[in-house]
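Architecture and fold: a report
Each chain, written out:
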Amino acid sequence: LENIRVLVLLGGSELFGHERATLEIFRNLSQLGLKVRFAIGSRLGHENIVPYLDQLGLEWIKVPFGTHWYYLHCMPTNLWGMLVTNILLWREAQNWQPTHIYTGNWLNLTYAAPYIFLSSLPFVYRAGDDIPSSKKIHRLFNRLIFSCVNSLVCNCQFLANQLSQKLPFLDPVVIYNHP
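Reference entry: report on the structure contained in this document. (Residues numbered from 1 in each chain as written. Predicted model: local features only at pLDDT ≥ 70, side-chain atom pairs only at ≥ 80, totals over all residues. Heavy atoms only, no water.)

Right, let's get into unusual backbone geometry. Phi angles above zero are rare outside glycine, and F65 is one such case at about 45 degrees. Among the structural elements, F65 can be located in the loop between β3 (59–63) and α3 (75–96). Phi at Q97 takes a positive value of approximately 55 degrees, unusual for a residue other than glycine. For Q97, the location among the structural elements is in the loop between α3 and β4 (100–103). (Helix = DSSP H or I, 4+ residues; strand = E, 2+ residues; numbered from the N terminus.)

Under the counting rule described, the total for this entry stands at five aromatic pairs. Every member of this aromatic cluster is reached through a ring pair, and the members are F26, F38 and Y102. Geometry around Y52 places R20 over its ring, the cationic atom sitting 5.4 Å from the centre. (Phe/Tyr/Trp six-rings, centres within 6.5 Å; stacked < 30°, edge-to-face > 60°. Lys NZ or Arg CZ within 6 Å of the ring centre and 35° of its normal.)

Across the five residues that make up strand β5 (residues 123–127), a large majority, four, are buried. Considered for its hand, the β-α-β crossover made up of β4, helix α4 (residues 106–119) and β5 is right-handed. Regarding the hand of the β-α-β motif, the stretch spanning β5, helix α5 (residues 136–146) and strand β6 (residues 151–154) is right-handed. (Buried < 20%, exposed > 50% of the residue type's maximum accessible area, 1.4 Å probe, protein only. Right-handed = clockwise from strand over helix to strand, strands pointing away.)

Once that is clear, we can look at the sheet that holds β5. Across the sheet, seven strands lie side by side as β3-β2-β1-β4-β5-β6-β7; this open sheet has parallel pairing. Each end of this open sheet is capped by a strand with a single partner; those strands are β3 and β7 (173–174). As judged from the five bridges shared by strand β2 (residues 35–41) and β3, these two strands associate in the parallel manner. Bridge pairing links R37 to E59 in β3. Against the sheet, helix α2 (residues 46–56) engages β1 (5–11), β2 and β3, with an angle of about 165 degrees to β2. With respect to the sheet, α4 is in contact with β1, β4 and β5, its orientation differing from that of β1 by roughly 145 degrees. (Pairing = 2+ DSSP bridges. Contact = heavy atoms within 4.5 Å. Axes fitted to C-alpha atoms, helices over the stretch in contact; angles between N-to-C directions.)

L89, L109, I116, Y125, F146 and L152 are the most contacted members of the largest nonpolar core, which has 34 residues in total. Not counting chain neighbours up to four residues away, the residues in contact with L152 comprise Y125, A127, L163, L167, L170, D171, P172 and V173. If you look at the next biggest cluster of nonpolar residues, it comprises 15 residues, including V8, F26, I49 and L53. (Core = buried A, V, L, I, M, F, W, Y, C linked by side-chain atoms within 4.5 Å.)

For the rest of this paragraph, the subject is the packing of α3 against α4. How two helices sit against one another is set out by the angle between their axes and by the gap between those axes. Look at α3 against α4: their axes get within 7 Å of each other, and the N-to-C directions meet at 40 degrees. Both α3 and α4 take part in a crossing whose hand is right-handed. Contacts between α3 and α4 involve N78, G81, M82, T85, N86, L89, W90 and A93 from the first element and T110, Y111, A112, A113, P114, Y115, L118 and S119 from the second. (Left-handed = near helix turned anticlockwise from the far one by under 90°.)

For I40, the location among the structural elements is in strand β2. Accessibility expressed as a relative area gives 0% for I40, which makes it buried. When the C-alpha positions of I40 and L9 are compared, they lie 6.7 Å apart, and in sequence the two are 31 residues distant. With residues up to four places along the chain from it excluded, the contact list for I40 reads L10, G11, H46, I49, V50, L53, W60, I61, K62, V63 and F65.

What follows is the structure, encoded as structure tokens:
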């Protein structure tokens, strides 16, 4: 694992279950030699996450990401967040040279989509929740960005079945969230 460098799109405003699980996974992998750097949200919650990352000895950068896309009044902020997020991720990639990208958050994925799509780095998506698909724009985005996914990892068979129907071109792997 010594030559693997993973850029983790954590985002987050709080340390909930998904965020804690992600931190625990990469803390353990970093003890085996993997290098990891977390991209965390700079707008909300970073003051909750940074001390924990520092306590674990994990590296991080701040990027703006954005808020939910369905708030029309937030659209200018979200588009600006998407632009700046991708510039910062691209700059980080030039300096740090990650070998992989990882996220488990569909919303963070939307903000980093241009970087992911253009980077050609292996991309791992860990699904703990179903992805949005109720609107045509969701399905179009999912087909486009998930075509870049090299590994789709689900935390249960039910979710793997759901995503297999929505993303038939991917073969999800199930890794359960228990020791």
